[in-house]
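Now for the letters of each chain:
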Amino acid sequence: MKIIVCVKQVPDTSGKVAVNPDGTLDRASMQTIINPDDLNAVEAALQLKDETGCEVKIVTMGPPPAEGMLREILAMGADSAVLVSAREFGGSDTYATSQIIAAAVNRIGVEKDDIVMCGRQAIDGDTAQVGPQIAEKLHLPQVTYVAELHKTGNDITVKRMLEDGYMTIKVKTPCLLTCIKELNAPRYMSVGGVFEAYSKPMDVFDYNALKDDPLIDATTIGLKGSPTNILTSFTPPAKGAGVMMDGAEKADCDKLAGMLAAKHII
Ligand SMILES: Cc1cc2nc3c(=O)[nH]c(=O)nc-3n(C[C@H](O)[C@H](O)[C@H](O)COP(=O)(O)OP(=O)(O)OC[C@H]3O[C@@H](n4cnc5c(N)ncnc54)[C@H](O)[C@@H]3O)c2cc1C
């Protein structure tokens, strides 16, 4: 049994978000982090590894510096990693991204006992489309918004989060799961893990490695193969300063009520 976890390196939006004059994200000047939901997917895979001794393989599509992120996850306990990286893949939208990642997963191979895991959503693109699209392209059953999971043989019982509650369903492997932060608390790298991370296997899949997969051709990858076009993007104007009231005086409450009434909120 193996678990393939798809992980994306994203800009750290908790700090200053740098935007180019044309409205695109200035990724080069921003710190990068591991996409938060993906860390929950990694932790879920490592917990299954702790229980069953299965293999955990990490896959990312990104530029060569994404190797650093993969080494961090190897230091957390994953067994091996694949960096999917080529000029031809640049500019891909979610459709093209999922074509390429699905081809990479095909090349790794999915067997009867295997699970593919993703985060629910990346904090930069924010679409939550890539996981479900990979599942469609690989013809795998999928469960999204996974908040709890238990594996017994080839059955996985999953508690998935809905807007107003939870749903418990059973799915058979092989399958794809998209994970949310309620699932677990991701572990830290260990000191021993950091030493081991540099001797664990890491493959690079470039265009040549994937070009024979039926999912890959010039019309399905990169900017040309991306059906989505960004027509315009802009930074919304900064909001004005807020008004602070401590609410201790009745006069404050009357003032607040007056302000809300003036805006037709009450
Ligand atoms: C027209 C267009 C052009 C774009 N051009 C670029 C570009 O030039 N450079 C660029 O960086 N982005 C570009 N993007 C953004 C890029 O397509 C998305 O960031 C990417 O497809 C993932 O979508 P998302 O961020 O919404 O991920 P989501 O669908 O929200 O991610 C869900 C999960 O899928 C998995 N996943 C997503 N992306 C990856 C990945 N790369 N590797 C491994 N797992 C992954 C993770 O598990 C993640 O948690 C472009 C988008 C559009 C629409």
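Note that the structure is predicted; figures quoted are calculated from it, not measured.

Calculation rules
- Residues numbered from 1 in each chain as written.
- Predicted model: local features only at pLDDT ≥ 70, side-chain atom pairs only at ≥ 80, totals over all residues.
- Heavy atoms only, no water.
- 1 Å grid on protein atoms, 1.4 Å probe; cavity = no way out; pocket = protein on both sides within 12 Å on 5 of 7 lines; lining within 4 Å.
- Points joined across faces, edges and corners; volume = space filled by probe spheres on them.
- Helix = DSSP H or I, 4+ residues; strand = E, 2+ residues; numbered from the N terminus.
- Nonpolar A, V, L, I, M, F, W, Y, C, P; charged D, E, K, R; others polar.
- Disulfide = S-S within 2.5 Å.
- Buried < 20%, exposed > 50% of the residue type's maximum accessible area, 1.4 Å probe, protein only.
- Pairing = 2+ DSSP bridges.
- Expected span 1.5 Å × (residues − 1).
- Polar contact = N/O pair within 3.5 Å; in protein donor to acceptor, adjacent residues only side chain to side chain.

Side note on the layout of surface pockets
As a volume, the second largest pocket reaches approximately 220 Å³. The set of elements that each furnish at least two residues to the lining of the second largest pocket consists of strand 3 (32–34) and helix 2 (67–76). Residue composition of the lining of the second largest pocket, by class: eight nonpolar, two polar and two charged.

Some details on the state of the cysteines
The full count for this structure, using the stated rule, is zero disulfides. Free cysteine: Cys6, not disulfide-bonded; nearest cysteine sulfur from Cys118 at 3.9 Å.

Looking at the pairing of strand 10 (residues 175–179)
Working note: regular strand, side chains alternate between the two faces of the sheet. Counting buried residues in strand 10 gives five out of five residues, a clear majority hidden from the surface. Side chains of strand 10 alternate between two faces, with Cys175, Leu177 and Cys179 and Leu176 and Thr178 buried alike. Summarising the sheet, strand 7 (residues 142–152) and strand 10 pair through three bridges and their orientation is parallel. Among the inter-strand pairings, Gln142 is bridged to a residue of strand 10, identified as Leu176.

Some words on helix 3 (residues 94–108)
An ideal rise of 1.5 Å per residue puts 21 Å on 15 residues; helix 3 measures up with 21 Å between its terminal C-alpha atoms. The element helix 3 is extensively covered by neighbouring structure, given that 12 of its 15 residues are classed as buried. Of all the positions in helix 3, only Thr94, Ala96, Thr97, Ser98, Gln99, Ile100, Ile101, Ala102, Ala103, Ala104, Val105 and Ile108 are classed as buried. Of the residues flanking the start of helix 3, the one acting as N-cap is Asp93, its side-chain oxygen 3.1 Å from the backbone nitrogen of Tyr95.

Remember, this is a structural readout, not a statement about activity or role.
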